[in-house]
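For reference, the chains in residue letters:
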Amino acid sequence: MRRIRANAIAILTVAWILGTFYYLWQDNKPHSSSSASEPRVADIRRHAAHRDDRTIPLIVTQSPWAEQQQGQLIGSFDEKAYLLEKQLKAGDDPYRDHAFNLAESDRLGSERAIRDTRHYRCASVNYDATLPPTSIIITFNNEARSTLLRTIKSVLLRSPPSLIQEIILIDDFSTDPEDCQLLSQIPKVRCLRNGRREGLIRSRVRGADSASASILTFLDSHCEVNTDWLQPMIQRVKEDRTRVVSPIIDVISLDNFAYLAASADLRGGFDWSLHFKWEQIPIEQKMSRNDPTLPIRTPVIAGGIFVMDKSWFNHLGQYDTHMDIWGGENFELSFRVWMCGGSLEILPCSRVGHVFRKRHPYDFPEGNALTYIKNTRRAAEVWMDEYKQYYYSARPSAQGKAFGSIADRLTLRHKLNCKSFHWYMENVYPELRIPERDAVSSVLRQGGLCLESLGSDSLGLAECSKGSGAMRPQSQRWQLVEPLLRQQDICLAITAFTAGSKVKMEPCNMKEPRQKWKQKGPTLQHVVSGLCLDSQLSVGPPAIAQCWPQLASQVWEPQLIT
């Protein structure tokens, strides 16, 4: 009996000790912010992702410099009065003026804790002790006061003070000038007001011109920056001034303002209508990324948030200031950076939250659609060379629409000695598929003879069939859909890349360099070797040879089959 009682007491003692330790551990665990409650699936943008075990599962704590300067953060600025003056009135639609839930934004106030959404290895990355400071440029038009102030305070609270030279607010002719003017009472904040509506593009140029720092940081007015967001971007630009870098852009729900982690496996892309989209990193690039903190090369940036050397920004021609309000400027800048000697990167160790809206809450003088068409057409005409045909095919409404003079931008491109859009397609965005044009069947004539496939392996010249349409034999029907010269699913290919090499037919493969052809004047030139298809009339079957357009054996006359 004594032994049973002793065992019971021992078990209770151990249970009490374990329970005490569990209680203390729970008490010291970080608690979830009320704003980070699980959102509805519908609230999450396509590129947002729930936290996984690669991100740091902690609420952001105040940085040491934030705690030290909390008292001096806003100086003499009366934050409470600023926010109360523009509170949402009872019964008003909270989405009407800003296209997001203003009531929820006002409820959050000017600051809150958000979760560190970086990969855990980012916390151990070291940066130079002496990074150059930056000028933060924020443009806005009738932004909600609570959202704008939260953007500014997140920058001041989560950035080393030595890196913030100034925050330049460009008020793009808001209805109430005090939205900006009152904020200039905050230390390091300057306010510039446009005398008329200029739009994001010209407003950013004004901000850049007035910036005193050597590095520019462009930021939207409805953002919240995350822990150590600035150091990775400034470090990359300091190492190479031709880099233009962007953070991973997390999602702030437009409904409940929940802060949602975006995937770290995405980059910026577009379709031929110049519509921006987030897309998966190509599998080859993903497989070679053995360190999740490494930069991600991106063909284009979203455009709202990026860091750039000021002298490089000026050297490249800033923005195209003949573009209006908003839209298309990110493509123009992205093409220009890549084609004129720079690069674009997304940095996984930099995270900034952004409110993505479903509509624009502000007016476009010529309407949203026309303004976007004008801006993207300017980008296509200046930078896309012969590939602009695919833009017009995808966006036929752009044809005939006015887009203003582009002479100064073409002069700039020539002056900077920029590469071609073909180079961009091959070296930066080879994954962008060129649309297939409607295949048209032709015969390839040399006098009274036609190029004909002779089984699967060989080719030769034969008398052109006198039939028309479907009566033409399949062996003489060719479709040149660059870069392939094909007969149904069989394509013309060279056997080697040297002059004299024979040609043959084999299954079509868009990625096979031996199958790539193009029309060059009257000749058919192999793209990779630069050699031309020669019938070698007196020698043997067709082969490739040094191009001589004056040779009758290299002149091919496509004749449409009707």
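Residues numbered from 1 in each chain as written. Predicted model: local features only at pLDDT ≥ 70, side-chain atom pairs only at ≥ 80, totals over all residues. Heavy atoms only, no water.

Draft legend 1. Structural detail: the pairing of strand β4 (residues 215-219). For β4, the buried fraction is high: 5 of the 5 residues fall into the buried class. Alternating positions in β4 separate into two faces, Ile215, Thr217 and Leu219 on one and Leu216 and Phe218 on the other, with burial throughout. In the sheet, strand β1 (residues 134-140) pairs with β4 via 5 bridges, with the strands oriented parallel. The residue of β4 that forms the bridge with Ile136 is Thr217. Pairing of β4 with strand β11 (residues 306-309), which is carried by 4 bridges, proceeds in the antiparallel orientation. Among the inter-strand pairings, Thr217 is bridged to a residue of β11, identified as Val307. (Buried < 20%, exposed > 50% of the residue type's maximum accessible area, 1.4 Å probe, protein only. Helix = DSSP H or I, 4+ residues; strand = E, 2+ residues; numbered from the N terminus. Pairing = 2+ DSSP bridges.)

Draft legend 2. Highlighting the sheet that holds strand β19 (residues 503-507). Spatially, 4 strands are ordered β16-β17-β18-β19 in an open sheet, and the strand pairing comes out antiparallel. The open sheet terminates on both sides in strands that have one partner only, identified here as β16 (479-481) and β19. Across the sheet, the axes of successive neighbouring strands diverge by a mean angle of 40 degrees, strand direction being ignored. As judged from the 3 bridges shared by β16 and strand β17 (residues 484-487), these two strands associate in the antiparallel manner. Its bridge partner lying in β17, Gln479 is registered against Arg486. (Axes fitted to C-alpha atoms, helices over the stretch in contact; angles between N-to-C directions.)

Draft legend 3. Broad picture of the packing of aromatic side chains. Enumeration over the complete set of coordinates arrives at 19 aromatic pairs. Between Phe276 and Trp278, the aromatic rings sit 5.1 Å apart at their centres with planes inclined by 85 degrees, giving edge-to-face as the arrangement. On the basis of relative accessibility, which here comes to 23%, the residue Trp278 falls in the partly exposed class. Following the ring pairs from residue to residue traces out a cluster consisting of Phe270, Trp272, Phe331, Phe335, Tyr387, Tyr390, Phe421, Tyr424 and Tyr429. Its guanidinium or amino end placed over the ring of Tyr82, Arg145 lies 4.3 Å from that ring's centre, counting from NZ or CZ. It is Lys419 that lies over the ring of Trp423; its NZ or CZ is 4.8 Å from the centre. (Phe/Tyr/Trp six-rings, centres within 6.5 Å; stacked < 30°, edge-to-face > 60°. Lys NZ or Arg CZ within 6 Å of the ring centre and 35° of its normal.)

Draft legend 4. Geometry of a nonpolar patch on the surface. Together, Phe497, Val527 and Val528 line one region of the surface with nonpolar side chains, adding up to about 250 Å² of accessible area. Checked against the element boundaries, Val528 lands in the loop between β21 (523-526) and β22 (532-534). For Val528, a relative accessible area of 47% puts it in the partly exposed group. (Patch = residues over 30% accessible without salt bridge, like charges linked within 9 Å, V, L, I, M, F, W, Y side chains within 5 Å. Areas by Shrake-Rupley, 256 points an atom, 1.4 Å probe, with all protein chains shown as cover. Salt bridge = Lys/Arg side-chain N within 4 Å of Asp/Glu carboxyl O.)

Draft legend 5. Focus on the sheet that holds strand β24 (residues 557-560). Pairing in this open sheet of 4 strands is antiparallel, and the strands run β15-β14-β13-β24 from one edge to the other. On the outer flanks of this sheet lie β15 (458-463) and β24, each paired with one strand and no other. Strand-to-strand, the axes of this sheet are offset by a mean angle of 45 degrees, without reference to chain direction. As judged from the 4 bridges shared by strand β13 (residues 442-446) and β24, these two strands associate in the antiparallel manner. When the sheet's bridge partners are listed, Arg445 is paired in β24 with Glu557.

Draft legend 6. Expanded view of the layout of surface pockets. Each pocket or cavity is described by its volume, and for the second largest pocket that value is around 1,000 Å³. Around the second largest pocket, the lining is made up of 23 residues, and of these Glu426, Ile434, Pro483, Met510 and Lys516 lie nearest the centre. Breaking the lining of the second largest pocket down by element, the ones donating at least two residues are α13 (388-394), α15 (421-427) and β20 (517-520). Broken down by class, the residue content of the lining of the second largest pocket amounts to 11 nonpolar, 2 polar and 10 charged. Shared between two domains, the lining of the second largest pocket holds at least three residues of each, these being domain 2 (368-428) and domain 3 (440-560). (1 Å grid on protein atoms, 1.4 Å probe; cavity = no way out; pocket = protein on both sides within 12 Å on 5 of 7 lines; lining within 4 Å. Points joined across faces, edges and corners; volume = space filled by probe spheres on them. Nonpolar A, V, L, I, M, F, W, Y, C, P; charged D, E, K, R; others polar. Domains from an automatic or database assignment.)

Draft legend 7. Structural context of unusual backbone geometry. Positive phi, normally seen in glycine, also occurs at Gln318, with a value near 55 degrees. The residue Gln318 is located in the loop between α10 (310-315) and α11 (329-339) in this model. Not every positive phi belongs to a glycine, and Asp385 is a case in point at roughly 50 degrees.

Draft legend 8. Spotlight on the pattern of salt bridges. Under the defined criterion, the tally for this structure stands at 40 salt bridges. A salt bridge links Asp171 to Arg193; the nearest nitrogen and oxygen atoms lie 2.8 Å apart. Pair noted here: Asp171 is in strand β2 (residues 164-171) and Arg193 is in strand β3 (residues 189-193), with a separation of 22 residues, a long-range link. What makes Asp171 buried here is its relative accessible area of 0%. Judged by its relative accessible area of 26%, Arg193 falls in the partly exposed class. Note that Arg336 is salt-bridged to Glu332, the shortest N-O span being 2.7 Å. On the criterion of helical spacing, the pair formed by Arg336 and Glu332 is a turn pair, its members being 4 residues apart in helix α11. Using a relative accessible area of 2% as the deciding quantity, one classes Glu332 as buried. Three or more residues joined by partner-sharing salt bridges are found here, namely Glu85, Lys86, Arg145, Asp176 and Asp179.

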